[in-house]
Amino acid sequence: MRWARVRDWLLPGGLEKDEGFLQEILSASYRGARVVAGAEALVAVVGLAGMTSREAALAILLIAGVTFGVASLLAAYPHNRLLAGVSSCAASVLAVRSTGATADYALGAATFLILAAATAVPLLPVQCLAMGAIVLVAGLRFGHSLFFAMLALAASSICATLYAQRRMYYRLYLETLQTSAGLREFQSQAMRAESSGTMVRLTAALAHELSQPIGALSSGIDTLLVVSARLVQTPPEGQPRLVSLQADLRRSLQDSLERLKKTVNRIQRLTNLDEAVTQQANLNDLVNDAVGLMKPQSPQGTRFDLDLGTVPNVSCRPQRIMAVLCTLLSNSIHALNGEGRIAVSTVLRDSLLELKVEDNGRGIPADQLAHIFDPRFQVAEGRVSTGNWSLFTSRQYIKEHGGDIRIQSLEGKGTTVCLTLPTS
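Residues numbered from 1 in each chain as written. Predicted model: local features only at pLDDT ≥ 70, side-chain atom pairs only at ≥ 80, totals over all residues. Heavy atoms only, no water.

Caption draft 1: Examining the state of the cysteines more closely. Applying the stated criterion across every chain yields a total of one disulfide. Two residues, C128 and C159, share a disulfide whose sulfurs are 2.2 Å apart. Here C159 lies in helix α7 (residues 145-233) and C128 lies in helix α6 (residues 125-138), a separation of 31 residues in the sequence. Each of the two residues, C128 as well as C159, counts as buried. (Disulfide = S-S within 2.5 Å. Helix = DSSP H or I, 4+ residues; strand = E, 2+ residues; numbered from the N terminus. Buried < 20%, exposed > 50% of the residue type's maximum accessible area, 1.4 Å probe, protein only.)

Caption draft 2: Structural context of the packing of aromatic side chains. Summed over the entire model, instances satisfying the criterion amount to five aromatic pairs. Residues Y30 and Y77 carry aromatic rings whose centres are separated by 6.0 Å and whose planes lie at 45° to one another, so their mutual orientation is tilted. Taken as a pair, Y30 in helix α2 (residues 19-51) and Y77 in the loop between α3 (54-71) and α4 (80-97) lie far apart in primary sequence, 47 residues in all. The partly exposed category is assigned to Y30, whose relative accessible area is 27%. Summarising the aromatic geometry, the rings of F147 and F148 are spaced 5.7 Å apart at their centres and angled 75° between planes, so their arrangement reads as edge-to-face. An aromatic cluster is present here, built from F21, Y163, Y170 and Y173 joined pairwise through their rings. (Phe/Tyr/Trp six-rings, centres within 6.5 Å; stacked < 30°, edge-to-face > 60°.)

Caption draft 3: Layout of α2. Compared with the 48 Å implied by 1.5 Å per residue over 33 residues, the 45 Å span of α2 between its first and last C-alpha is a close match. The backbone nitrogen of G20 lies 2.9 Å from a side-chain oxygen of the residue at the head of α2, namely D18. (Expected span 1.5 Å × (residues − 1). Polar contact = N/O pair within 3.5 Å; in protein donor to acceptor, adjacent residues only side chain to side chain.)

Caption draft 4: Expanded view of the packing of α2 against α4. Interhelical geometry of α2 versus α4 gives an angle of 20° and a closest axis separation of 8 Å. Regarding the angle of α2 to α4, the classification is roughly parallel. Note that α2 runs across α4; the crossing there is left-handed. Residues I25, S29, Y30, A33, V36 and E40 of α2 touch α4, and the partners they reach there are N80, R81, A84, S87, S88 and A91. (Axes fitted to C-alpha atoms, helices over the stretch in contact; angles between N-to-C directions. Parallel < 35°, antiparallel > 145°, perpendicular 65-115°, else oblique. Left-handed = near helix turned anticlockwise from the far one by under 90°. Contact = heavy atoms within 4.5 Å.)

Caption draft 5: View of unusual backbone geometry. For D350, which is not glycine, the phi dihedral falls at a positive 55°. Following the sequence through the fold, D350 ends up in the loop between β4 (341-349) and β5 (352-359). On the basis of relative accessibility, which here comes to 79%, the residue D350 falls in the exposed class.

Caption draft 6: Structural context of the side chain of T302. Within the secondary structure layout, T302 lies in the loop between α9 (283-294) and β2 (303-308). Judged by its relative accessible area of 11%, T302 falls in the buried class. Polar side-chain contacts of T302 include one of 2.7 Å to the backbone oxygen of P299. The contacts of T302, once residues within four sequence positions are left out, are L336, G340 and I342.

Caption draft 7: Main features of the packing of α9 against helix α10 (residues 318-335). The interhelical angle for the contact between α9 and α10, taken along N-to-C directions, is 45°, at an axis separation of 9 Å. Put simply, α9 runs oblique to α10. Our pair here, α9 against α10, has a crossing hand that is right-handed. Residues L283, L286, V287, D289, A290, V291 and M294 of α9 touch α10, and the partners they reach there are P318, I321, M322, L325, C326, L329, S330 and I333. When the residues that make up the contact of α9 with α10 are grouped by side-chain class, the tally is 13 nonpolar, one polar and one charged. (Nonpolar A, V, L, I, M, F, W, Y, C, P; charged D, E, K, R; others polar.)

Right, here's the structure in full:
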């Protein structure tokens, strides 16, 4: 077991079978080889100042140039780690074995080059240990064997620590990717659920819109048939009253037919929203449709005030804008206490379409307003439910269109939602 731990410590390269981690190692090795070449050049310049023989300093400078040049070659990219280790070791050996080298220069150059390689290049600990052993043998004539041995162990420990950190960061990166993918999938599911909920609300509103004119038509037709039958049997002096009643019934039937026609046209627009990913739509038309669908769900006595200015068509996904409008209106409706007022206005400001939905409902507490767009999870009776997802999804939809949503509210006074969309 202990030997296995030592082996894993010296050769922790198992993760390099992962292509992503291997590319991280190769990229770090490419940068590290250039750092090692720079360190070797610095050691050579110090050597030329009289710290070692001119020949040794020039040889180290040559190694630095060759290392930098080879590291720049595409063919050497997979081998830059080995190149940096061999180059650093060779320069260290030259520094400690050159004639005329002082002990300070030999020890300092070897330490600087080995630690530069250990920190800048993702070397395996066994490679650092081998480099230290080679430099230890080369520096025996200086009599600092203990120093070189400790340098080898220190460099190996640094390599092991940095390599472990690289592995940990890469695993964290993979976990972050998985978490992000999971969150995107959950967000997609939440958006689909919100769209389904919107369609359920729209279906309920449409059913209510259809039931009233159909009932009026059925009752009106029956009454019209009865009036027509009586008209035939009624003396001339009694016919004007029945004719007037007949005209009223026809007007009532015509009004019901017009209402049905508008509802059918609204359904056709809704069913055509998915025909194209993006299409031209008028925000005022969408507001009218949304108010028409949500109005039957509001408490009796609720007043809807529309102030729709002249606005240009915008390129958008109408279904998503409709879902946002229905969500905002639904929130306002649920915030009302008894008879309330909901005001919807549109205006063109510079190159932005601005839509406001204002209500005089109970408002939003300040502590909740700060996190009103943050999706959250709630646990009730052992079951997990979501909160704020409708507003979170709405803001996501508007952000997709390049717009924004802002909410202002005073508890007990009401709420104002401001939605902006770019016109181009």
